[in-house]
Amino acid sequence: MKEASEEKLASVSNLVTVFENSRTPEAAPRGHRLEDAHHHPECRTPRSPGPWEKLNVGEAMGSEPRTVSGRYLNSLKNKLSSGAWRKSCQPVTLSGSGMQEPEKKIVQELLETEQAYVARLHLLDQVFFQELLRAARRSKTFPEDVVRVIFSNISSIYQFHSQFFLPELQRRLDDWTANPRIGDVIQKLAPFLKMYSEYVKNFERAAELLATWTEKSPLFQEVLTRIQSSEASGSLTLQHHMLEPVQRIPRYELLLKEYVQKLPAQAPDRADAQKALDMIFSAAQHSNAAITEMERLQDLWEVYQRLGLEDDIVDPSNTLLREGPVFKISFRRNDPMERYLFLFNNMLLYCVPRVIQVGAQFQVRTRIDVAGMKVRELMDAEFPHSFLVSGKQRTLELQARSQEEKISWMQAFQAAVDQIEKRNETFKAAAQGPEGDTQEQELKSEELGLRAPQWVRDKMVTMCMRCQEPFNALTRRRHHCRACGYVVCARCSDYRAELKYNDNRPNRVCLHCYTFLTGNVLPEAKEDKRRGILEKGSSATPDQSLMCSFLQLTGDKWGKSGPRGWCVIPRDDPLVLYVYAAPQDMRAHTSIPLLGYQVTVGPQGDPRVFQLQQSGQLYTFKAETEELKGRWVKAMERAASGWSPSWPNDGDLSD
C-alpha cells in the first residue's frame, strides 16, 4: 500500500514538472497526452458524473482552446443552488483488488481527484498567474492589479490544498489499516474551505477582465496562448481551468456523502464522517451565498448605470425590491402619464424615460424615503387599479395596468415599510386602513408640513376649497396649498410658510395652514363669516355619505346643456340631496329636501333615467348604468319616506 501511494505522489510530481517545463513553448513534449493518465484521474472511474460534471476534460480537449459560455455558468450556479445534484449515488466500481472495503475505495478516489486538483491549482497559480505577473512587470503594457484581480485568492487555495489537505489525505490512506477513518481529518480542515467564497464571488468579474485584456493587450494574449497551447494545459482555456475551484466543493460533498452511505452502522468513523459532511455542506452554502451576493451587486450596478450613476443614489448596501412602469395620475391633466419606478429597501426612485438614451436610460425626478411612507388603495372609478404612495418628500397617485399588478406593487411597498419598521424601533407605524377603505384625504393636522400632501385634482373642484368662490380662467385661477393639498384661489393662498418635508424652504400655503404652521392669526381670519345653507362639503367618500356618484342632470330644470353633477345624500343629513359641480367642492349649487317627493321612472326611451316629482317640481336624472339607477331610486325612496340610518353603516348604498 505504501509503495502504491508513493507511486501516486510521484505521478503528481511528474505532472507538476511538466507544468513547469511548459512555460517555454518548445519545452513540453507532445508525444503523449497527460490528461488521459493524470490530468483528470476521476475520469478513470466508471461512476456516472454529477450534473455539474458536464465539463469533461477528455471531451473538451481539441485542437483549439475552448471558452466557457455564460449559459453554462448560470446553469452551474442554478444546479449548485437547487441541491438537486445531492442525490444518492450508485456504488463505485474501481479497478484493482475486489477485496477492498467500499469506503476505502471512495477514500482512494478522493485522494486521486485531490492529486489532480492540486496539479490544476499549480497550473493556475504557479504558471498562469506568475507568468502573467512577470510579463506585466517587464512590459507595463497591462497592470499588475488586473492580474491579481483575475486570480483572486488562488494562491491561498493552492497552498492550503498542496501543503495541508492533500498531505493529510495521503498520510491517512497510508495508515488506513491501523486507523480506518477520514471524518476527523475533514472536520479539522473543512472550515478553511470557506475561503472559496471570495474566489467564487470574484469569478464573473475575473472572466470579464480576462476577456477585456485579451483583446486590449497583445502581450497578454500571447502569454495566454502559449500556456493554453501546451500539453500541460490540455488545449483548454484559462477560463476552463479557473472553473475547477468553483466545482470542487460540490465534488467533496458528493464523495463524502457516498462514503457515509457505505460505512457500516457501527463504524467508528460514522459520527465524525456525518459531522464532516455537514461542515462541507455549510461551506457549499457559503459559496452559494457568495454567488447570490455577487449577482445582487451585479444587478444593482446595472440599475445604477441605467440611472446615470448619480452620487446620492449609488450605494452597494441597497437592495432592489421591484422595478417597472406605472401611470402617474396628474392633478392637472386628464390622461395619466407613463413613469418608471425603482423600489429599493430604503428609497423609491420616481423616474421618467430619457428622450435621448445615451448612457443613462432614465432621469430621476423624485427620491422618496421608505421611512415614514404610507401606501393605500384608491377607489377611483375613473382610474381603476390606482393606489397612493405618500412619503415625506412627495405624494404620488399611481395607476397600475391590472389589479394583479397593483396588488403586487402595494405588497412590495408594504414589505419595504415593514422591513424599515423592524430595523428602527422608534419608527411610528403608519396608519393603514382595511383593504378598500379610502381613509380621509387630507393630512392630519399634526402632519402638516412634515410630509408631502396628496394634491386634489383640478377637475375635482369648481370653487376655492377655502372661500367657496367659483374659479374662472381670468380673475380666479386654481392654486395648490403645498401643506394640505387643497385647490384654492390666489387670495386664499397668498401666504408663505416653511415646510420641513421641503428642507424648510418657504412654500405657498393657504390661510388655514399658515395659521397652524406659524401661529400667526391675521385679522381677516378672525371674521366670523356666516355659513350658508349650501356650504356643506361634498362628502365624496362612502363613509361620509349614504349614496354618492355622478349623475347626468337632464330636463328643463337643469337647462338644455344637461351638465353632469356630483350628487350626494350625506350620512349626517340623510333627507337632503346635494348636487355639486365637482366631488371636492365645498359648496353645493343645488339642494333638494327629499321628504315627500315621489320617485318615478323616466321616459320609456332610456331605462337609466328616473325623476323626482312634487307639487310641480320635476328633477330628471340619468345614471351611468341600470344598476346604479336602482340604488339611487332605493336611496331616494327611503329619504322621501323619512327614513334615516340608526347606526353608522346602516343603509349604505354608495359605491
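First things first, this report covers the structure right here in the doc. (Residues numbered from 1 in each chain as written. Predicted model: local features only at pLDDT ≥ 70, side-chain atom pairs only at ≥ 80, totals over all residues. Heavy atoms only, no water.)

Structural notes on the pairing of strand β6 (residues 386–390)
Stage number 1. Taken across its five residues, β6 has five buried, putting it largely inside the fold.
Stage number 2. Of the two faces of β6, the one carrying S386, L388 and S390 and the one carrying F387 and V389 are both buried.
Stage number 3. Across five bridges, β6 lies against strand β7 (residues 395–399) in antiparallel orientation. Following the sheet pairing, V389 is matched in β7 by L396.
Stage number 4. Between β6 and β7, which pair antiparallel one after the other, the connecting turn spans four residues. (Buried < 20%, exposed > 50% of the residue type's maximum accessible area, 1.4 Å probe, protein only. Helix = DSSP H or I, 4+ residues; strand = E, 2+ residues; numbered from the N terminus. Pairing = 2+ DSSP bridges.)

Description of the sheet that holds β7
Stage number 1. Strand order in the open sheet formed by seven strands is β4-β3-β2-β1-β7-β6-β5, and the pairing between neighbours is antiparallel. Strands with a single pairing partner mark the edges of an open sheet, and in this sheet they are β4 (362–369) and β5 (374–377). On average, each strand axis in the sheet is tilted by 30° relative to the strand beside it, whichever way the strands run.
Stage number 2. Note that strand β3 (residues 347–353) and β4 share seven bridges and pair antiparallel. Bridged to M347 within β4 is D369.
Stage number 3. Most of the contacts of helix α13 (residues 403–423) go to strand β1 (residues 320–328), to which it runs at about 135°, and overall it touches β1, β2 (337–344), β3, β5 and β6. (Axes fitted to C-alpha atoms, helices over the stretch in contact; angles between N-to-C directions. Contact = heavy atoms within 4.5 Å.)

Considering empty space enclosed by the protein
Over the atoms, a rolled probe matching the size of one water molecule traces out where space is still vacant.
Stage number 1. Using the criterion set out here, one finds seven cavities of 30 Å³ or more in the structure.
Stage number 2. Of the pockets and cavities examined, the largest cavity occupies roughly 90 Å³.
Stage number 3. Along the walls of the largest cavity sit I106, V107, L110, F165, I182, I186, Y252, L255, L256, Y259 and I280, which together make up its complete lining.
Stage number 4. Taken together, the elements giving at least two residues each to the lining of the largest cavity come down to α5 (102–139) and α11 (238–262).
Stage number 5. Considering every element that reaches the lining of the largest cavity, the biggest residue donor is α11, with four residues.
Stage number 6. For the lining of the largest cavity, the residue count by class is eleven nonpolar, no polar and no charged. (1 Å grid on protein atoms, 1.4 Å probe; cavity = no way out; pocket = protein on both sides within 12 Å on 5 of 7 lines; lining within 4 Å. Points joined across faces, edges and corners; volume = space filled by probe spheres on them. Nonpolar A, V, L, I, M, F, W, Y, C, P; charged D, E, K, R; others polar.)

Description of the environment of P593
Stage number 1. Residue position: P593 is located in strand β15 (residues 590–593).
Stage number 2. The exposed category is assigned to P593, whose relative accessible area is 52%.
Stage number 3. Spatially, the C-alpha atoms of P593 and L575 are 6.1 Å apart, while their sequence positions differ by 18 residues.
Stage number 4. When neighbours within four sequence positions are excluded, P593 is seen to be in contact with L575 and V576.

Observations regarding helix α6 (residues 144–151)
Stage number 1. Within α6, the full set of buried residues consists of V146, V147, I150 and F151. Looking straight down α6, one finds its buried side chains confined to an arc of 120°; they lie on one side.
Stage number 2. Buried-residue contacts for α6 involve α5, α7 (154–174), α9 (196–216), α10 (218–228) and α11.
Stage number 3. S152 sits one or two residues past α6 and shows a positive phi near 50°. (Arc of directions from axis to C-beta.)

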